[in-house]
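# Structural overview for review
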Amino acid sequence: MNITLFDTIFYLLAFLTLGSAAIMVFSKNVIYSAVGLLFTFFGVAGIYVLLAADFVAVVQVLVYVGGILILLLFGVMLSNKITNIEITTETLHFLPASLVVIGIFVVLYRVFITTDWNPVGSYNFDPTTHEIGTLLMTDYLIPFEIASILLLGALIGAAYIARKD
Amino acid sequence: MLSNFGSILFFLIFGAVFVCVNILLSRLLQTRNPYPVKLSVYECGELPEGNSWIQFNIRFYVIALIFLIFEVEIVFLFPWAVVFKDLGMFAFVEMLIFVGILLVGLAYVWAKGDLEWDKPEQVPSPELYRTDNVNSAVKITESVAS
Amino acid sequence: MLAVGLNHYLILSAILFCLGLFSVVTKKNAVTVLMGVELILNAANINFIAFAKYVDNDLDGQMIALFVIVTAAAAAAVALAIVLNIYQRLKSINLDEADSLAG
Amino acid sequence: MILPILNSEITFLQFLPFDLPEPLISIIFLLIGASIIAVVASVLALVGVYLERKISAHMQDRLGPMEVGPHGIAQTFADAIKLLIKEDIVPQDADKLLHFIAPVMVFAATLAAFAVLPFSKTLVVSDLNIGLLYIIAISSFVVIGAILAGWASNNKWSLLGGMRSAAQIVSFEIPASLAVLSVIMIVGSMNLGDIVEYQKGGFFNWIIFKYFPFNFIAFIIYFIASLAEVNRAPFDLPEAESELIAGFHTEYSGMKWAMFFLAEYANMFLVGVVASTLFLGGWSSPFGDFLNSGPFPVFWIFIKSFSLIFVQIWIRWTLPRVRVDQLMYVSWKVLTPFAFVAILGVGIWMVL
């Protein structure tokens, strides 16, 4: 039973991720949910680093925290005419939902534990950016260009919907 | 690579602890004398009116939206810029297509006026308020109202 | 059990997925539902990257994760635009009340 | 890679009568490094405040602080002590928890950004291979902190200031990130150390002079955008005192306010260091190998970044504040297209 620093940091990050995700899910206040989500995103970025995905981790912080979360916060502020500091949200179907979710978790857990994934023994922590750039320009060229069309569509569509009143 | 990120994590924790310690220290040193007027929110010395949860201009959202799309685009530009020296012409053309498609989006929001911030309505010039010029004054009022 | 391996990441992502799913199913507020969707996408990304490292040991999983992030951003932008539009029409973003398209 | 300059001193710890486990040693060294950086950042912020007051005073033909210490040098320290013993007022209706978290988040993010800055060849805490992208990413915490601070205060001005602050910072993040792209294209790395290595050997090697005038344009764009990102005049709309009182920190006082203030000035220094690292050769000497060893790299990076800070202060006390619509105009319709032009220019020049 030898717990290394790596393991400790993993458990810390996992605790941060799941704890703040729980705050996000069970908080009644939407702003608290957003703050919980912020720390979840950050914790997930840390997990990516432990999985040797440095570039993806920074992109996670950049896009999720710096982009999507700001958009969500703006959405919260814009879509509430509140008479109180609490921006609340209600939950419904609490019991059936928990049953279904716990059921799904049990199934997933069984699958993950019983399957032999045949993991490779050695792996490295080399910087990935250069290789990702090369892959983006070669193997992933078509998804890359399609992503630009997707973004264009999202930009035009969202701007159009948001503008219309 | 891991230890580099480890130092950063350490810095984040250290920064948070540093602020907490400072605030705690100041808690211990300060004299506290709170009373209701002091604890009310500041509104230029007037009594606070209404609640602060005003409706925001939708512009804020549109700006954040355009920002998000361009941010994602830039995320792809970074690894491209790193390998650009090695791949040369080929990568450059691919990037031109990518950026070109997104510039269409910028041109679209630009043309549709989404990049304009709401300016305060133009204050009508004084002569429009003259009584012999009622028609244009009405016109201005209508345009302001619409 | 304590030394971190592939299973730890998979279970972490399973819990995250379940929390996100719970949020999507139970929340009334459209913005919180969207937050739940983001959690689910993050859980999927953890799996992609964990498999990429432990099973394939290449970068394909990370590339997929990148594209998932892009798609999530596009989805969030459009979904929030719809939410705001609904809010401007109905003065509410409770999903139960936005059923005027229902027959 | 943990603070290599300190690594050589690990031997000192080995003389201890007991053996310390390896992680503990790294943590001890990190603690020392982080404390040094935190103290340096704080002192730099205080120096920045002093410079701001003195320079603005002299520009306006007055003396500025003169009472505490010779030429008022100790004024900012006196202010710091004053802030420490000031009452911390939290409005009754505020969200106490988020009111506390917001300054913590802003300061911690700013400090964490300092971790990747190279002050000399070895004097860098975290020699991150994607350092530049990391700095851009971590500063998004500052935006969230501003929104949360504004929201938690339960004050109209704070909330509006926070929203404006966020809208402004994100708008200028686009041209700023595009401007640094041309540097990455030339160097082929996002490691700040590599970027400095590339520019070694005199000021004609600086990236700002490469592919003239495209990188010069990029530098100007980065500088203007960084002014806006740290909420400096003429882009200090979020705290336009005539409209919004003090912006998102209207309801902050005492130490919490001081943390925002410190983070703001530390940020000012941060963008100064980043700009000089990217475009002005960083810690390398402008005269080739001359004066480029020993303590001189640190000297050069400080000289360069303080020159940029001087320009920032100069601009603040010279130009009037812009309007919101002008701000958006500058960001989206001037800087962003020009940043694309700069990338295009550098790209074409490089492939031809």
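Heads up: these notes are all about the structure in this document. (Residues numbered from 1 in each chain as written. Chains lettered and ligands numbered in written order. Predicted model: local features only at pLDDT ≥ 70, side-chain atom pairs only at ≥ 80, totals over all residues. Heavy atoms only, no water.)

## Describing the overall build of chain A
Counting its regular elements, chain A contains six helices and zero strands. Moving toward the C terminus, one meets the helices and strands of chain A in the order α-α-α-α-α-α. Counting every position in chain A, which comprises 165 residues, the buried fraction comes to 54%. Taking the contacts inside chain A whose residues are at least 6 apart along the sequence as the reference set, 64% of them involve residues at least 24 apart. Carbon and sulfur atoms provide 69% of the accessible area of chain A, an area that totals close to 7,000 Å². (Helix = DSSP H or I, 4+ residues; strand = E, 2+ residues; numbered from the N terminus. Buried < 20%, exposed > 50% of the residue type's maximum accessible area, 1.4 Å probe, protein only. Contact = heavy atoms within 4.5 Å. Areas by Shrake-Rupley, 256 points an atom, 1.4 Å probe, with all protein chains shown as cover.)

## Considering the nonpolar core
Among the nonpolar cores identified, the biggest contains 258 residues, and B:Trp80, C:Tyr9, D:Phe279 and D:Trp332 are the most heavily contacted of them. Among the elements that make up this core, the one with the highest residue count is helix 3 (residues 59–87) of chain B (22 residues). When neighbours within four sequence positions are excluded, B:Trp80 is seen to be in contact with A:Met137, B:Ala91, B:Phe92, B:Met95, D:Met185 and D:Ile343. (Core = buried A, V, L, I, M, F, W, Y, C linked by side-chain atoms within 4.5 Å.)

## Digging into the interface of chain A and chain B
Facing the 51 residues of chain A at the interface are 47 residues of chain B. When the two sides are added together, the surface that chain A and chain B hide from each other amounts to roughly 4,400 Å², 81% of it contributed by carbon and sulfur. Area buried by chain A at its contact with chain B is led by A:Leu78, A:Met137 and A:Leu155, which between them contribute 16% of it. Across the chain A-chain B interface, the total number found is zero salt bridges. Linking chain A to chain B there are one residue pair in polar contact (both at pLDDT 80 or more). At the level of elements, helix 1 (5–26), helix 2 (30–50), helix 3 (54–78), helix 5 (129–137) and helix 6 (141–163) of chain A are the ones that each hand at least two residues to the side of chain A that touches chain B. If one sorts the elements of the side of chain A that touches chain B by residue count, helix 6 of chain A sits on top with 16 residues. (Buried area = accessible area lost by both parts, 1.4 Å probe. Salt bridge = Lys/Arg side-chain N within 4 Å of Asp/Glu carboxyl O. Polar contact = N/O pair within 3.5 Å; in protein donor to acceptor, adjacent residues only side chain to side chain.)

## Some thoughts on the pattern of salt bridges
All names here are of chain D. One pass over the structure, following the stated rule, counts four salt bridges over all chains. Notably, a salt bridge pairs glutamate 197 with lysine 200, separated by 3.7 Å at the nearest N-O pair. Taking relative accessible area as the criterion, lysine 200 reaches 28% and is therefore assigned partly exposed. What emerges from the salt-bridge pattern is a single network uniting Lys121, Glu197 and Lys200.

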